Amino acid sequence: MSTVKKTKSTAKKPAVQKPAVQKAAAAAPVAAQVTASDNGHGGAEGSGVRRRDFIHIATVSFAGVGAAAVAMPLVSQMSASADVLALASIEVDVAAIQPGQAIKTSWRKQPVFIRNLTPAEVEEASKVDVGSLRDPQTLADRTKPGKENWLITLGVCTHLGCVPLGAAAGEVKGEYGGYFCPCHGSHYDTAARIRKGPAPTNLVVPEFAFISDTVVKIG
């Protein structure tokens, strides 16, 4: 009795597509559509990109407007205030100041000395050897032509900003008959030039002009 052996078939069965492959194949048309949209052919994704661009531009624009709005108050604060502008110049009537007398006034929140020199003080100041001075200036350099008796200076010591004595009646005028700073011992002569002590320069002469025989404008 013959025995029939069963043999297994060696033929390969058709491959079954896995779900992942099927999903990739299904996504191909969608990817093509997205690519087309990115290339400027329209589509929902293209609209989203344009919206994002608009939002970005709008954000930058509003940021620029905000920076300008913040900067405006800062610029306004740096501008001179009304009270400072009002004190840009002052007019002083000097008719009551007798020879040998001086007064104190204020300009731009700084003290100012206005002194009516006597003929003797004018002569004394004029004969000083300018070459011997720490800060060489003649009396004519510090006064106006024809008004050499009127000496107008800031009342601020050029050493550390103290207010010297000598403008008011009875105050110490120092060794040279002008002004004396008791804080550190600076002596100024009748032309308010530094003659002794630590001050490096003469008392500052501000810009001034006589607008009449008795009225001087400072500043």
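Here is what the cut-offs are and how they apply
- Residues numbered from 1 in each chain as written.
- Predicted model: local features only at pLDDT ≥ 70, side-chain atom pairs only at ≥ 80, totals over all residues.
- Heavy atoms only, no water.
- Pairing = 2+ DSSP bridges.
- Helix = DSSP H or I, 4+ residues; strand = E, 2+ residues; numbered from the N terminus.
- Axes fitted to C-alpha atoms, helices over the stretch in contact; angles between N-to-C directions.
- Phe/Tyr/Trp six-rings, centres within 6.5 Å; stacked < 30°, edge-to-face > 60°.
- Lys NZ or Arg CZ within 6 Å of the ring centre and 35° of its normal.
- pLDDT = per-residue confidence, 0-100.
- Contact = heavy atoms within 4.5 Å.
- Salt bridge = Lys/Arg side-chain N within 4 Å of Asp/Glu carboxyl O.
- Core = buried A, V, L, I, M, F, W, Y, C linked by side-chain atoms within 4.5 Å.
- Buried < 20%, exposed > 50% of the residue type's maximum accessible area, 1.4 Å probe, protein only.
- Arc of directions from axis to C-beta.

*Asks:* Account for the sheet that holds strand β3 (residues 110–116), with residues named and values stated.
*Replies:* Spatially, the 3 strands line up as an open sheet ordered β2-β3-β4, and their pairing is antiparallel. Only two strands of the sheet have a single neighbouring strand rather than two, namely β2 (102–107) and β4 (150–154). Across the sheet, the axes of successive neighbouring strands diverge by a mean angle of 25 degrees, strand direction being ignored. With 5 bridges joining them, β3 and β4 adopt antiparallel strand pairing. By the bridge assignment for β4, Ile114 is matched with Ile152.

*Asks:* Can you lay out the packing of aromatic side chains for me, pointing to particular residues and giving the numbers?
*Replies:* Evaluation of the coordinates by the stated rule reveals 3 aromatic pairs. Note on Phe208 and Phe210: the rings are 6.4 Å apart at their centroids and 80 degrees apart in plane angle, and the pair reads as edge-to-face. Taken together through their ring pairs, the aromatic side chains of Trp150, Phe208 and Phe210 make up a single cluster. Taking the ring centre of Phe208 as reference, the NZ or CZ of Lys144 above it sits at 4.9 Å.

*Asks:* Got a sec to walk through the confidence of the model for the protein? Specific residues and values, please.
*Replies:* Per-residue confidence for the protein gives a mean pLDDT of 77, with 60% of residues at or over 70. Low pLDDT, under 50, characterises residues 1–45; the predicted model gives this stretch 9 contacts beyond four residues in sequence or across chains. Counting contacts from residues 67–71, a segment whose pLDDT is below 50, to residues more than four positions away or on other chains yields 0 contacts.

*Asks:* With reference to specific residues and values, describe the pattern of salt bridges.
*Replies:* Counted under the stated rule, the structure contains 5 salt bridges. The salt bridge involving Glu171 is made with Lys104; its shortest N-O contact spans 3.6 Å. Of this pair, Glu171 sits in the loop between β4 and β5 (177–181) while Lys104 sits in strand β2; the two residues are 67 residues apart in sequence, bridging distant segments of the chain. The network of salt bridges with shared partners includes Asp189, Arg193 and Arg195.

*Asks:* Help me get a handle on the pairing of β2, residues and values and all.
*Replies:* Of the strand pairs in this sheet, β2 and β3 are connected by 6 bridges, and their pairing is antiparallel. Bridge pairing links Ala102 to Arg115 in β3. Linking two consecutive strands that pair antiparallel, namely β2 and β3, is a turn of 2 residues; a positive phi of about 55 degrees is found at Arg108 within it.

*Asks:* How would you summarise the nonpolar core if you had to cite specific residues and measurements?
*Replies:* Membership of the largest hydrophobic core comes to 18 residues, with the highest contact counts inside it found for Leu139, Cys157, Tyr179, Tyr188 and Leu203. Secondary structure elements with two or more residues in this core: α4 (119–126) and β5. Excluding its chain neighbours within four sequence positions, the residues that come into contact with Leu203 are Phe113, Arg142, Thr153, Leu154, Val156, Cys157, Thr158, Pro164, Tyr179, Tyr188 and Ala192. Ranked by size, the runner-up nonpolar core spans 13 residues in total, among them Val94, Trp107, Phe208 and Ile218.

*Asks:* Can you tell me about the sheet that holds strand β9 (residues 215–218), naming the residues and giving the values?
*Replies:* Here 3 strands make up an open sheet; going across it, the order is β1-β9-β8 and the pairing antiparallel. The sheet is open, and its two borders are formed by β1 (90–93) and β8 (208–210), each paired with just one other strand. When the angles between neighbouring strand axes are averaged without regard to direction, this sheet yields 25 degrees.

*Asks:* Mind laying out α4, listing which residues take part and the relevant values?
*Replies:* Considered for burial, the residues of α4 that qualify are Glu121, Val122 and Ala125. The buried residues of α4 occupy an angular sector of 100 degrees when the element is viewed end-on, so they sit on one face. Exposed side of α4, more than 90 degrees from the buried face: Pro119, Ala120 and Glu123 are the residues found there. Where α4 is buried, its residues meet β3 and α5 (139–142).

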